[in-house]
Amino acid sequence: MISALRGTVLRVSGSSAVIEVGGVGFDVTLTPAHTLSLRVGHEASVVTSLIVREDSLSLFGFVDHDSLDLFILLTGVTGVGPKSAMGVLAELSPAQIAIAVAQEDDAVFRKVSGIGPKTAKLIVLSLAGKVAIYAAAPPVAKHIETTVRDDVLAALVGLGWNEKAAEAGLDAVLLHAADDEAASVQALLRLALTELGPRNPGGAR
């Protein structure tokens, strides 16, 4: 079982990336926001889930274990395959999924391509009581004043970055930032811009 990868990014496309580990390139399916946070030639770390089928082996990657856990729970719901589960995670954070389930709001799941009304209701019923912990989970690993993160995110969007790409890059930085850096808007913005790299506004390559 391949549960995590750390290596050099060889290629990035809309919803996947090739990560080289020990001379082997692994094709990993990711959310679009996640791929936008990666840079070719730089190192990346992802937690993964390997889906085995009779005619294929598919590797799915995630920014953290919360997203991986939600992916596993979602694919356990009748009618929700890996592609649909990734679609949910592309639209909703673990906390948003938990809140929707707690409020029995299946409408948010119906907005995801490939998920109809019946499956959306089944997601809410199947995940009830299993995802409450994620509703209170912090958005990133390090403790940080919400206003600091929000200010940096607003600054990145103001500079022309796509909001999802900016948020993914910012959260990736916060996983490794020192406490003093995470508490400073200027320091965090500088790190986020370095992480996002010299791309055109909006995430265009």
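These remarks concern the structure in this document. The structure displayed is predicted, hence computed values, not measured ones.

1. Re the overall build of the protein
Now for step 1: On a plain count of helices and strands, the protein comes out with eleven helices and five strands.
Now for step 2: When the 205 residues of the protein are sorted by exposure, 40% land in the buried category.
Now for step 3: Taking the intrachain contacts of the protein between residues at least 6 apart in sequence as the baseline, contacts between residues at least 24 apart amount to 56%.
Now for step 4: When the accessible area of the protein is evaluated, it comes to approximately 10,900 Å², of which 54% is carbon and sulfur surface.

2. What about the packing of helix α2 (residues 65-75) against helix α3 (residues 82-91)?
Now for step 1: Between α2 and α3, the shortest axis-to-axis distance is 9 Å and the interhelical angle comes to 135°. On the basis of the axis angle, α2 is oblique to α3. Handedness of the α2/α3 crossing: right-handed. In this structure, α2 uses Ser67, Leu70, Phe71, Leu74 and Thr75 to contact α3, whose residues at the interface are Pro82, Ala85, Met86, Val88 and Leu89.
Now for step 2: Considered class by class, the residues forming the contact of α2 with α3 number eight nonpolar, two polar and no charged.

3. Considerations on unusual backbone geometry
Now for step 1: Residues other than glycine seldom take positive phi values, yet Glu104 does so here, at roughly 55°.
Now for step 2: You can see Glu104 is positioned in the loop between α4 (94-102) and α5 (107-110).

4. A short note on α4
Each turn of an α-helix holds 3.6 residues, which means side chains three or four residues apart point in the same direction.
Now for step 1: Residues Pro94, Ile97, Ala98, Ala100 and Val101 constitute the buried set of α4. Viewed along the axis of α4, the buried residues span an arc of 165°, placing them on a single side of the element.
Now for step 2: Buried residues belonging to α4 abut α2, α3, α5, α6 (117-127) and α7 (132-135).
Now for step 3: Directly beyond the C-terminal end of α4, a positive phi value near 55° is found at Glu104.

5. A word on the packing of aromatic side chains
Now for step 1: For the structure shown, the criterion picks out two aromatic pairs.
Now for step 2: Arranged with centres 4.9 Å apart and planes meeting at 45°, the rings of Phe62 and Phe71 form a pair that is tilted.
Now for step 3: Accessibility expressed as a relative area gives 0% for Phe71, which makes it buried.

6. So, the environment of Lys118
Now for step 1: The topology assignment puts Lys118 in helix α6.
Now for step 2: With relative accessibility at 73%, the residue Lys118 sits in the exposed group.
Now for step 3: As a C-alpha pair, Lys118 and Gly79 span 39 residues in sequence and 9.2 Å in three-dimensional space.

7. Comments concerning the side chain of Thr31
Now for step 1: Mapping Thr31 onto the fold places it in the loop between β3 (24-29) and α1 (32-36).
Now for step 2: With residues up to four places along the chain from it excluded, the contact list for Thr31 reads Met86, Leu89 and Ala90.

8. As for the sheet that holds strand β2 (residues 16-21)
Now for step 1: An order of β1-β2-β3-β5-β4 is seen for the five strands of this closed barrel, with the pairing classed as mixed. Direction aside, neighbouring strands of the sheet carry axes that sit 55° apart on average.
Now for step 2: With four bridges joining them, strand β1 (residues 4-12) and β2 adopt antiparallel strand pairing. What sits directly across from Thr8, in β2, is Glu20.

9. Some points on the pairing of β1
Now for step 1: As paired strands, β1 and strand β4 (residues 43-53) are joined by five bridges and run antiparallel to one another. Considered in β4, the bridge of Thr8 is made with Glu43.
Now for step 2: Hairpin geometry of β1 and β2 is characterised by an intervening segment of three residues between the two adjacent antiparallel strands.

Calculation notes
- Residues numbered from 1 in each chain as written.
- Predicted model: local features only at pLDDT ≥ 70, side-chain atom pairs only at ≥ 80, totals over all residues.
- Heavy atoms only, no water.
- Helix = DSSP H or I, 4+ residues; strand = E, 2+ residues; numbered from the N terminus.
- Buried < 20%, exposed > 50% of the residue type's maximum accessible area, 1.4 Å probe, protein only.
- Contact = heavy atoms within 4.5 Å.
- Areas by Shrake-Rupley, 256 points an atom, 1.4 Å probe, with all protein chains shown as cover.
- Axes fitted to C-alpha atoms, helices over the stretch in contact; angles between N-to-C directions.
- Parallel < 35°, antiparallel > 145°, perpendicular 65-115°, else oblique.
- Left-handed = near helix turned anticlockwise from the far one by under 90°.
- Nonpolar A, V, L, I, M, F, W, Y, C, P; charged D, E, K, R; others polar.
- Arc of directions from axis to C-beta.
- Phe/Tyr/Trp six-rings, centres within 6.5 Å; stacked < 30°, edge-to-face > 60°.
- Pairing = 2+ DSSP bridges.

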